[in-house]
Amino acid sequence: MKLQTIICSTRPGRIGASIAHWFNSLVNDQGTFSSELVDLAEFKLPVYDEANHPRMQKYEQEHTKAWSASVNKADAYVFVIPEYNFCPPPSFTNALNYVYNEWNYKPCGFVSYGGVSGGLRSAQVAKQLVTTLKMMPMVEGVMVQMPWEKLDDQRNFLPAEHHTGSANAMLDEMAKWATALKSLR
C-alpha cells in the first residue's frame, strides 16, 4: 500500500520538513506502507483557481493536474501539519480544496507540531475538514511539542520514544483502514 507523507507548511525556514523526513523514513522502515514524501511547496498551488467544481475533475491548470495525479497515487496520507492560530495552515486547506474524488475513502493521520500543545488544536480542526472529503481521520496521531528544541545541528528531527511509539500505533491503525476502504475505491 502507498502512503504519502505530506509536508503542509510552505513557509521558508519551516521545521515541518525535518519532522516529515523522520516520519517518512520511519514508515518505510516499518514496512506496512511504502511512503513517498510530498512537499506542498513544490506544487506552488495558488489560492484555488479552477473554474469547475473539483468533483467534476475537469482541471484546466497544470498545477491542479499535477496535484491531482500526486494525490490519486496514494492509499493513505499523513499530513505533517503546524499550528497557526489554533488552526492548520492555509496551504493545507487550499490543497484539500483543489481535488475531491482523489481523497475519497482513504485514511489519513496527522503528525502535528507547535508550541506547548504540539499542534493538537490544528490537527483537531483538520480532522473536521478531511471528513467532508470522505477521508477517515485516525484517532491516533503524533504530537511534537516545541519542535525547535528537538533538532540537531543539521536541523534533523530527533524524536523521543513517545513520538516513535505514537507513529507506529497510528500506522498500524491506518493499515487496517486502508485495507478495509480499498473495496470502496
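Structure: above.
Quantities reported herein were computed from a predicted structural model and do not represent experimental measurements.

Caption draft 1: The arrangement of the overall build of the protein in detail. Broken down by element type, the protein carries six helices and six strands. Counting from the amino terminus, the protein carries its helices and strands in the arrangement β-α-β-α-α-β-α-β-α-β-β-α. Taking 185 residues into account, the globule formula puts the C-alpha radius of gyration at 16 Å, and the protein, at 16 Å, falls close to it. By principal-axis analysis of the C-alpha atoms, the protein measures approximately 45 × 35 × 25 Å. Put simply, of all contacts in the protein between residues at least 6 apart along the chain, 79% involve residues at least 24 apart. When the accessible surface of the protein is split by element, carbon and sulfur atoms take 53% of a total near 8800 Å². Across the protein, the 17 positively charged side chains and the 18 negatively charged ones have centroids separated by 6 Å.

Caption draft 2: Focus on the packing of aromatic side chains. For the coordinates displayed, the defined rule picks out 11 aromatic pairs. When the centroid spacing of 5.1 Å and the interplanar angle of 80° are considered together, the rings of Phe 79 and Phe 92 count as edge-to-face. Of this pair, Phe 79 sits in strand β3 (residues 76–82) while Phe 92 sits in helix α4 (residues 90–98), and the two are 13 residues apart along the sequence. On the accessibility criterion, Phe 92 (1% relative accessible area) is buried. A cation sits over an aromatic face here: Arg 55 above Tyr 100, 4.4 Å from the ring centre.

Caption draft 3: Quick peek at the environment of Pro 147. When you line up the elements, Pro 147 lands in the loop between β6 (142–145) and α6 (161–181). In this structure Pro 147 comes out as buried when scored by relative accessible area, which is 1%. Each C-alpha atom, one on Pro 147 and one on Trp 67, is 28 Å from the other, the two residues being 80 residues apart in sequence. Sequence-distant contacts of Pro 147, that is, excluding residues within four places in its chain, are made with Ile 15, Ile 19, Tyr 113 and Gly 114.

Caption draft 4: Inspection of the pattern of salt bridges at higher detail. Counted according to the given criterion, the structure contains six salt bridges. In this structure, Arg 121 engages Glu 83 in a salt bridge whose closest nitrogen and oxygen atoms are separated by 2.5 Å. Of the two residues, Arg 121 is situated in helix α5 (residues 120–131) and Glu 83 in the loop between β3 and α4; the sequence distance between them amounts to 38 residues. Owing to a relative accessible area of 35%, Arg 121 belongs among the partly exposed residues under this scheme.

Each value, and the rule that gives it
Residues numbered from 1 in each chain as written. Predicted model: local features only at pLDDT ≥ 70, side-chain atom pairs only at ≥ 80, totals over all residues. Heavy atoms only, no water. Helix = DSSP H or I, 4+ residues; strand = E, 2+ residues; numbered from the N terminus. Rg over C-alpha atoms; globule rule 2.2 N^0.38 Å. Contact = heavy atoms within 4.5 Å. Areas by Shrake-Rupley, 256 points an atom, 1.4 Å probe, with all protein chains shown as cover. Lys, Arg positive; Asp, Glu negative; His and termini not counted. Charge placed at Lys NZ, Arg CZ, Asp CG, Glu CD. Phe/Tyr/Trp six-rings, centres within 6.5 Å; stacked < 30°, edge-to-face > 60°. Buried < 20%, exposed > 50% of the residue type's maximum accessible area, 1.4 Å probe, protein only. Lys NZ or Arg CZ within 6 Å of the ring centre and 35° of its normal. Salt bridge = Lys/Arg side-chain N within 4 Å of Asp/Glu carboxyl O.

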